[in-house]
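Chain and residue survey
Okay, here's what each chain looks like letter by letter:
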Amino acid sequence: MSDLNLASLKLADLKQAYAAGLTPHATVRQVCQSIEAYADSAVFISQFGLADLLKRADELANYSPQQRQSLALYGVPFAVKDNIDVKGLPTTAACPEFAYFPTESATVVQLLEDAGAIVIGKTNLDQFATGLVGTRSPYGTPRNPVN
């Protein structure tokens, strides 16, 4: 199995797809293709490149079947708001002048990765997370990529 309907992505569906032969590589490629096809530069502030994401997929693919089963979030792609630290990506809180590169990921991100999830990137938000409707960002006003 190499395809998964990302529009209706649910954890149970993803687990079933992995059991049927889907690989983290295919998931990463499909997520990246979907992001590119959506073409709204205001959704993500920063993302890992495909090569970095495939390295993470390689790590997961090298786990034994037993190890994969033990990971509650094996191969689950996720994104975080850009006010949460992710090692390897800048944190801006939607304020470019505030940007810094964290030396480690926030605990919540690390726990998700330890459970087998794959962080794709960091999403837009109101500057410093102080707004209510997502329109106060120099990165633009993102549209809902699902609806």
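Before going into details, it helps to say that this report is about the structure given with it.

Parameters and conventions
Residues numbered from 1 in each chain as written. Predicted model: local features only at pLDDT ≥ 70, side-chain atom pairs only at ≥ 80, totals over all residues. Heavy atoms only, no water. Pairing = 2+ DSSP bridges. Helix = DSSP H or I, 4+ residues; strand = E, 2+ residues; numbered from the N terminus. Axes fitted to C-alpha atoms, helices over the stretch in contact; angles between N-to-C directions. Phe/Tyr/Trp six-rings, centres within 6.5 Å; stacked < 30°, edge-to-face > 60°. Buried < 20%, exposed > 50% of the residue type's maximum accessible area, 1.4 Å probe, protein only.

**Digging into the sheet that holds strand E1 (residues 44–47)**
Taken together, the 3 strands give an open sheet; going across it, the order is E1-E3-E2, and neighbouring strands pair in mixed fashion. In this open sheet, the two edge strands, each paired with only one partner strand, are E1 and strand E2 (77–81). Each strand axis lies, on average, 35 degrees off the axis of its neighbour in the sheet, ignoring direction. One ladder, built from 5 bridges, connects E2 with strand E3 (residues 118–123); its direction is parallel. Considered in E3, the bridge of Ala79 is made with Gly121.

**Focus on the packing of aromatic side chains**
Scanning the entire structure with this criterion turns up 3 aromatic pairs. Geometrically, the ring pair formed by Phe98 and Tyr100 is edge-to-face, given 5.6 Å between the ring centres and 85 degrees between the ring planes. Under the relative-accessibility criterion, Phe98 is labelled partly exposed at 37%. For Tyr100, a relative accessible area of 33% translates into the label partly exposed.

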